Amino acid sequence: MLKHYVFWGLFALVMLGVVVTVLRQRRSDQRRSDQQRAASVAKAGVAAASVSSSPVAKPVEAAFDPGATRVHFRGAPSDRPASSLEREEATLPAEASAKLVCVSGAQKGNSFPVAAAGISVGRHQDNDIVIVDPRVSFHHAWVGVIDRKAVLRDLESTNGTFLNGKINAPVREAVLSHGDTIFFGGHSRDQFLFVVN
């Protein structure tokens, strides 16, 4: 009988030790987390104070600069269908021919006619327009004619397709008009101009 009391007494002491150790560890982790949170709040406060005290004007969106470097994180593309993005001048005349003209970058001056079946744009060699840029997906976008309208369609690219310099608003699908500019993957390097003859 004494063996049972000794056994259960020792078992209770061991379990109590385990519980105390776990509680101390939790308390230590909580204290460390609170200290890190306080340090990050203090740093943010110092940074905010230095920003608010400096007489720096609000940044203005700059015009296209081919030498600029911009890190782009893809935003949420518009889910609106092409019909909701139509513009009155977007319908192609019966005898018109459309093309994409590269106005900056490695392919500057090259022209790519937009056939009814469309042309593909991307980094892979099987595209009609091959853009050697790590921000461009292998099969990035498609440009073609649907119901006598030129349509730009992003093919779920990683870094997005941008219309008319709106770098913070990637498009999923849009109807193109004469004079529209297109960036594939971000701001800089190859910029294309949509031209209707």
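Here the residue numbers are simple positions, counted from 1 along each chain's written sequence. Totals for whole chains, interfaces and linings use every residue, but because this is a predicted model, local features are given only for residues with pLDDT of at least 70 and side-chain atom pairs only at 80 or more, for both listing and counting. To get the side-chain values, take all heavy atoms of the structure and skip hydrogens and water.

Peer 1: What's the story with the overall build of the chain in this structure? I'm lost.
Peer 2: Only runs of H or I of at least four residues qualify as helices and only runs of E of at least two qualify as strands under DSSP, and these elements are numbered from the N terminus. The secondary structure content of the chain amounts to 1 helix and 10 strands. Reading the chain from its N end, one meets helices and strands in the order α-β-β-β-β-β-β-β-β-β-β. Working definition: with a 1.4 Å probe on protein chains only, accessible area under 20% of the residue-type maximum means buried, over 50% means exposed, and in between means partly exposed. Looking at the chain as a whole, 33% of its 197 residues qualify as buried. Pairs at least 24 residues apart make up 51% of the contacts formed inside the chain by residues separated by at least 6 positions. For the accessible areas, the method is Shrake-Rupley and the probe is 1.4 Å, while residue cover comes only from the protein chains on display. In the form shown here, the chain has an accessible surface area of approximately 12,800 Å², with 61% of it arising from carbon and sulfur atoms. Note on contacts: a residue pair is in contact if any heavy atoms of the two residues lie within 4.5 Å.

Peer 1: Please clarify how the pattern of salt bridges should be interpreted in this entry.
Peer 2: A side chain with one charge may pair with a side chain of the opposite charge, provided their charged atoms come close. Salt bridges, as used here, are contacts in which a Lys or Arg side-chain nitrogen is within 4 Å of a carboxyl oxygen on Asp or Glu. Summed over the entire model, instances satisfying the criterion amount to 3 salt bridges. In this structure, R135 engages D133 in a salt bridge whose closest nitrogen and oxygen atoms are separated by 2.9 Å. For R153, the salt bridge is made with E173, and the minimal N-O distance between the two is 2.7 Å. Separated by 20 residues along the polypeptide, R153 in strand β6 (residues 149–154) and E173 in strand β8 (residues 173–175) bring together distant segments of the chain. Look at R153 and you get partly exposed, because its relative accessible area is 29%.

Peer 1: Before we go on, may I ask you to explain the side chain of D133 in this structure?
Peer 2: In this structure, D133 sits in the loop between β4 (129–130) and β5 (141–146). Whenever two N or O atoms come within 3.5 Å, that pair is a polar contact, provided that in protein one can donate a hydrogen and the other can accept it, and provided that, for residues adjacent in sequence, both atoms are side-chain atoms. Among the polar contacts listed, one links the side chain of D133 to the side chain of R135, at a separation of 2.9 Å. Excluding its chain neighbours within four sequence positions, the residues that come into contact with D133 are R123 and R189.

Peer 1: What am I meant to see in the packing of aromatic side chains here?
Peer 2: Planes of paired rings set the category: under 30 degrees apart is stacked, over 60 is edge-to-face and the rest tilted, where pairs are Phe, Tyr or Trp rings (Trp by its six-membered ring) whose centres lie within 6.5 Å. Counting across every chain of the model gives 5 aromatic pairs. Look at F7 and W8: their rings are 5.1 Å apart centre to centre, the planes differ by 75°, and that puts the pair in the edge-to-face class. The exposure class assigned to F7 is partly exposed, which follows from its relative accessible area of 49%. On the basis of relative accessibility, which here comes to 51%, the residue W8 falls in the exposed class.

Peer 1: I'm lost on the nonpolar core in this one. Help?
Peer 2: One recurring pattern in soluble globular proteins is that nonpolar side chains are buried together. L100, I129, L152, L176, I182, F184 and F192 are the most contacted members of the largest nonpolar core, which totals 23 residues. Listed by contribution, the elements that provide at least two residues to this core are β1 (98–104), β2 (111–114), β3 (119–122), β5, β6, β9 (181–184) and β10 (191–196). Looking at this core, the element that brings in the most residues is β1, giving 3 residues. Apart from the residues within four sequence positions on either side, L100 is in contact with N110, S111, F112, V114, I119, I129, V143, I182, F192, L193 and F194. Definition used in this section: a nonpolar core is a set of buried Ala, Val, Leu, Ile, Met, Phe, Trp, Tyr and Cys residues joined via side-chain atoms within 4.5 Å.

Peer 1: How do you make sense of the sheet that holds β6 when you look at a structure like this?
Peer 2: Picture the strands of a sheet paired through backbone hydrogen bonds; they go either parallel or antiparallel. A pair of strands counts as paired when DSSP detects no fewer than two bridges linking them. Read across the sheet, 5 strands follow the order β4-β3-β5-β6-β8 without closing on themselves; strand pairing throughout is mixed. Two strands in the sheet have a free side with no partner beyond their single neighbour: β4 and β8. Pairing of β3 with β5, which is carried by 3 bridges, proceeds in the antiparallel orientation. The partner of S120 across the bridge, within β5, is W142.

Peer 1: In this structure, what is going on with the sheet that holds strand β7 (residues 161–163)? I would like to understand it.
Peer 2: The strand order across the open sheet built from 5 strands is β2-β1-β10-β9-β7, with neighbouring strands paired in antiparallel fashion. The open sheet has two edge strands, β2 and β7, and neither has a second partner. Strand-to-strand twist in this sheet, taken as the mean axis angle between neighbours without regard to direction, amounts to 30°. Judged from the 3 bridges that link them, β7 and β9 form a sheet pairing that is antiparallel. Lines fitted to C-alpha atoms define the axes, with helix axes restricted to the stretch in contact, and inter-axis angles between N-to-C directions lie between 0 and 180 degrees.

Peer 1: Explanation requested: the pairing of β1 in the structure shown.
Peer 2: Strand residues, when the strand is regular, have side chains that alternate between the two faces of the sheet. For β1, a buried count of 5 out of 7 residues is recorded, marking the element as mostly surrounded by other parts of the structure. Strand direction decides the pairing type here: β1 and β2, joined by 4 bridges, are antiparallel. Looking across to β2, one finds that K99 is bridged to P113. In sequence, β1 turns back onto β2 through a hairpin of 6 residues, with G105 there showing a positive phi of about 105°. Strand direction decides the pairing type here: β1 and β10, joined by 6 bridges, are antiparallel. The residue bridging C102 from the neighbouring strand is F192, located in β10.

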